Amino acid sequence: MSELTGRIHSTESFGTVDGPGVRFVVFFQGCPMRCKYCHNPDTWEKSGGTEMTVREILTLYERNKAFYGNGGITATGGEPMVQLGFLTALFTEAKRRRIHTCLDTSGVCYDPGHPEKFDALLNVTDLVMLDIKHIDDAKHRQLTGHSNVNILAFAQRLSAQGIPVWIRHVIVPGWTDDRAEQLALGDALGGIRTLKALDCLPYHDMGKRKYEELGIPYPLPDTPPATPEHAAAARAVILEGIKKRLRRDAKSE
């Protein structure tokens, strides 16, 4: 029987923004979403990338293992859960080797009607970095082409299963910088009992060249990059929403 393979876009040996510590980052090929601010359109197509086995990926990890003492391996993309079976196999072997596993995901592939399909993966996942694009479902569809219903359900599943969650949220001028919507996002995040961190990232347009190379029109040609100050202000509002939710929940207990 041939060894299971996954389609991998690329790997990065020394990632420092993809979870705790220094990490070996695996970029999975394939993503169903078409976020208007995506800076990796070359990861969209499932048929792209290079076929690799779990053994081949972890051999690359082992080459620099000494540098990952306080880190581990991160699966990102694209969308790693597009290749659920291979992702689960990779993390299962990583955990057997006592490697810290982090999943960087949009959660869009989660099926709340069949949560058991994802239990094998969650059992070998130490941390999930969940990228929530927009709290309003209609605007989420406009921004990504997909609903956020499965994504929010995935967040609740992680909370129920005791999986630590880091939230990532990109601040895009004209799209995700409304105060009321940020408070609503905070309210939703306050219900995640395993929430450990919140990162608000300023939108940038450094992916424009990739779109040109692929012959794809850039979706936000007139949207200016957000500043770090803009992102920090948004984070403060979201945290305000989280605190309000926690206070409300404490009163009702």
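Preceding this section is the structure that the text describes.
Quantities reported herein were computed from a predicted structural model and do not represent experimental measurements.

A.B. asks: What am I meant to see in the overall build of the chain here?
C.D. replies: Regarding its fold elements, the chain presents eight helices and eight strands. Its C-alpha atoms give the chain principal-axis dimensions of roughly 55 × 50 × 35 Å. When the 253 residues of the chain are sorted by exposure, 47% land in the buried category. Within the chain, counting contacts between residues at least 6 apart in sequence, those at least 24 apart form 75% of the total. If you average the places of the 31 positive and of the 31 negative side-chain charges in the chain, the two averages end up 5 Å apart.

A.B. asks: What exactly am I supposed to notice about the packing of aromatic side chains here?
C.D. replies: One pass over the full model with this rule turns up 10 aromatic pairs. Taking the centre distance of 6.2 Å and the plane angle of 80° together, the rings of W44 and Y211 count as edge-to-face. Of this pair, W44 sits in the loop between β2 (23-28) and β3 (50-53) while Y211 sits in helix α7 (residues 208-214), and the two are 167 residues apart along the sequence. Each ring, one from Y110 and one from F118, has its centre 5.0 Å from the other, and the planes form 55°; the classification is tilted. A residue is classified by how much of its surface remains accessible, and Y110, at 4% relative accessible area, is buried. Taking the relative accessible area as the measure of exposure, F118 reaches 4% and is therefore buried. Of the aromatic side chains, those joined through ring pairs into one cluster are F14, F24, Y61, F67 and Y68.

A.B. asks: Explain the sheet that holds strand β7 (residues 165-171) here, please?
C.D. replies: Backbone hydrogen bonds are what pair the strands of a sheet, in a parallel or an antiparallel way. Within the open sheet, the eight strands sit side by side as β3-β1-β2-β4-β5-β6-β7-β8. Their pairing is mixed. Both outer strands of the open sheet, β3 and β8 (195-202), are each paired with one neighbouring strand and no more. Across this sheet, the average inter-strand angle for adjacent strands is 30°, counted without regard to direction. Relative to β3, helix α1 (residues 54-63) is tilted by about 80°, and along the sheet it contacts β1 (5-15), β2, β3 and β4 (72-76). Helix-sheet contacts for helix α8 (residues 228-252) involve β7 and β8, and the interaxial angle to β8 is about 145°.

Rules behind the numbers
Residues numbered from 1 in each chain as written. Predicted model: local features only at pLDDT ≥ 70, side-chain atom pairs only at ≥ 80, totals over all residues. Heavy atoms only, no water. Helix = DSSP H or I, 4+ residues; strand = E, 2+ residues; numbered from the N terminus. Buried < 20%, exposed > 50% of the residue type's maximum accessible area, 1.4 Å probe, protein only. Contact = heavy atoms within 4.5 Å. Lys, Arg positive; Asp, Glu negative; His and termini not counted. Charge placed at Lys NZ, Arg CZ, Asp CG, Glu CD. Phe/Tyr/Trp six-rings, centres within 6.5 Å; stacked < 30°, edge-to-face > 60°. Pairing = 2+ DSSP bridges. Axes fitted to C-alpha atoms, helices over the stretch in contact; angles between N-to-C directions.

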